[in-house]
Amino acid sequence: MAFVVAEPCIKCKYTDCVEVCPVDCFHEGPNFLVIDPDECIDCTLCEPECPVTAIFREEELPDKWEHYTELNAELSQDWPVITEQKDPPPDADEWADVEEKYDQLER
Ligand code: SF4
Ligand code: F3S
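A brief report on the enclosed structure follows. All of these numbers come straight from a predicted model, not from anything done at the bench. (Residues numbered from 1 in each chain as written. Chains lettered and ligands numbered in written order. Predicted model: local features only at pLDDT ≥ 70, side-chain atom pairs only at ≥ 80, totals over all residues. Heavy atoms only, no water.)

**Let's talk about the overall build of the protein**
Along the backbone of the protein there are 3 helices and 4 strands. In terms of overall dimensions, the protein is globule-like: its C-alpha atoms have a radius of gyration of 12 Å, near the 13 Å expected for 107 residues. With the C-alpha coordinates aligned to their principal axes, the bounding extent of the protein is approximately 30 × 30 × 25 Å. At a minimum sequence separation of 6, the contacts of the protein that also span at least 24 residues come to 77%. When the accessible surface of the protein is split by element, carbon and sulfur atoms take 44% of a total near 5800 Å². Of the charged side chains in the protein, 7 are positive and 29 negative; the average position of the first set lies 5 Å away from that of the second. (Helix = DSSP H or I, 4+ residues; strand = E, 2+ residues; numbered from the N terminus. Rg over C-alpha atoms; globule rule 2.2 N^0.38 Å. Contact = heavy atoms within 4.5 Å. Areas by Shrake-Rupley, 256 points an atom, 1.4 Å probe, with all protein chains shown as cover. Lys, Arg positive; Asp, Glu negative; His and termini not counted. Charge placed at Lys NZ, Arg CZ, Asp CG, Glu CD.)

Below, the structure written as structure tokens:
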């Protein structure tokens, strides 16, 4: 099991989560972060840090975001590790309450 980043992160990417991860398992894409399931040690530290509640324990992932488990596993193989918090995109707050934004995901 591992923690999974789901849809609320898309175009928000606040990166608070990155600061607390003890094993550097976050990987960064253009407008989304993912967790490498092979590196995550289920420490739970990142989950409460996300301002838009994008991070879930795999077994608690809402059904509508089930595909994010596979997406995290896949994209973490392609994207570089991120270990330090950075400024979010300038329009992050505008996307924070948008529920459906999978079509905005850039790879
Ligand atoms: Fe990192 Fe812990 Fe979050 Fe896994 S649960 S991604 S190890 S902070
Ligand atoms: Fe994304 Fe939340 Fe981390 S928006 S970058 S999962 S703090």
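**Focus on the site of ligand 1**
Every residue close to ligand 1 is listed here: Phe3, Cys21, Pro22, Val23, Cys25, Phe26, Ile35, Cys40, Ile41, Cys43, Thr44 and Cys46. Residue classes in the shell around ligand 1 are distributed as 11 nonpolar, 1 polar and no charged. (Near = heavy atom within 4 Å. Nonpolar A, V, L, I, M, F, W, Y, C, P; charged D, E, K, R; others polar.)

**Side note on the site of ligand 2**
Neighbouring ligand 2 are 13 residues, the closest being Cys9, Tyr14, Thr15, Cys17 and Cys50. In the shell around ligand 2, the residues fall into 10 nonpolar, 1 polar and 2 charged.

**Here's the deal with unusual backbone geometry**
Despite not being glycine, Thr15 shows a phi value in the positive range, around 65°. Tracing the chain through its elements places Thr15 in the loop between strand S1 (3–5) and helix H1 (16–20). Residue classification places Thr15 among the buried residues on the basis of a relative accessible area of 2%. Even without a glycine there, the phi angle at Asp24 is positive, about 50°. Tracing the chain through its elements places Asp24 in the loop between H1 and strand S2 (26–28). (Buried < 20%, exposed > 50% of the residue type's maximum accessible area, 1.4 Å probe, protein only.)

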